[in-house]
Amino acid sequence: MIEDIVRILIYGAVISGMWALVSSGFTLIFGVSRILNFAHGTFFVLAAYFAITFYKSGLNLYLSVVLGVLLIGVLAVAIYRFLLAPIREHEVMVIIVTLALALLFEQIILLTYGEHGVSLPSFVKGVVRIYDVPVTYKRILAFVCSIIILVILEIFINKTRTGKMINAASQNYEGAMLIGINVERIFMVTMFISAILAGFAGIFYAQIFSANPFAAIKSLIFAFAIVILGGLGSVKGSIVASFIVGYVLATTIVFLGARWAEFVVMLLIIAVLIFKPTGLFGVEE
């Protein structure tokens, strides 16, 4: 029994940390620009593929990861600047375009890398046993790094000048324009940040499991479900909801098996939305 509890606590924390990165990026861009970016899951998996490609070309592992994450951020900004900015006011068009991009990139990955998963070499090797539960160092590192990145995000949003402008734009972008904030620039910065958050999550995922073309859609579904549970537009809600979902997943896997995990999570989200349609931390428009 103790082993099961330890397994749930540890594995749930690792899963939660990764999904918190993905979902906080997803809700951040929505909260600021009101864009539902259905290509967000693509950023998650593409960052891993970029890093793997750089590494296999002979670059250092750490440099490959940095380049992969930065490249996905640049790609996200380019997508916003040339495809989304002209249609930002038309929500249905934004959903159609981003969903089409997600499917397009999935096909490109399939044609380039194939359908089989590929893994990124581990930053650290080794296993520690906690109450006879084997835990790899790469899982511990992924969780610690996820928390550090989320803390940096919190400090950036609340303490820096750019972060305060992002907050202002998220509350009232027309008012932000009136006081001299370059809202389009803020939108592009936010798009960059949201993409690199997903990118880091993809890197950690590719080390622990493996990256495959279909992980993009799976990560998008989880991020969207988590954001709805936490409250659309609430970064705090997304992080809290990520840990709820992560621990529900881990508990279900331990006691019922992996095939029940996603089903139970969806039931939880439906139950919450029946009693609180705005999510845990959402507010009425």
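This one's a predicted model, so the numbers in the text were calculated from it and none came from an experiment.

### So, the environment of Lys218
And step 1. Residue position: Lys218 is located in helix H9 (residues 215-230).
And step 2. The exposure class of Lys218 is partly exposed, given its relative accessible area of 36%.
And step 3. With sequence-adjacent residues up to four places away left out, Lys218 is seen in contact with Tyr205 and Glu262.

### Some remarks on the packing of aromatic side chains
And step 1. Tallied over the full model, the rule gives 11 aromatic pairs.
And step 2. Taking 5.1 Å as the distance between ring centres and 10° as the angle between the ring planes, the aromatic pair formed by Trp19 and Phe222 counts as stacked. Residue Trp19 is found in helix H1 (residues 2-33), and its partner Phe222 is found in helix H9; the two are separated by 203 residues along the sequence.
And step 3. Look at Tyr62 and Phe123: their rings are 5.3 Å apart centre to centre, the planes differ by 15°, and that puts the pair in the stacked class. Placement of the pair is Tyr62 in helix H3 (residues 61-84) and Phe123 in the loop between helix H4 (91-113) and strand S1 (127-130), with a sequence separation of 61 residues.

### Let's talk about the confidence of the model for the protein
And step 1. Mean pLDDT over the protein works out to 89, with 99% of the residues at or above the 70 mark.
And step 2. For the protein, per-element mean pLDDT is lowest for helix H7 (residues 173-178), which scores 79, and highest for H3, which scores 95.

### Section: the side chain of Ser194
And step 1. By the secondary structure assignment, Ser194 is in helix H8 (residues 183-208).
And step 2. Ser194 sits in the buried class, given a relative accessible area of 0%.
And step 3. Ignoring anything within four residues of it in the chain, the contact list for Ser194 reads Gly25, Ile29 and His40.

Rules used in this analysis
- Residues numbered from 1 in each chain as written.
- Predicted model: local features only at pLDDT ≥ 70, side-chain atom pairs only at ≥ 80, totals over all residues.
- Heavy atoms only, no water.
- Helix = DSSP H or I, 4+ residues; strand = E, 2+ residues; numbered from the N terminus.
- Buried < 20%, exposed > 50% of the residue type's maximum accessible area, 1.4 Å probe, protein only.
- Contact = heavy atoms within 4.5 Å.
- Phe/Tyr/Trp six-rings, centres within 6.5 Å; stacked < 30°, edge-to-face > 60°.
- pLDDT = per-residue confidence, 0-100.

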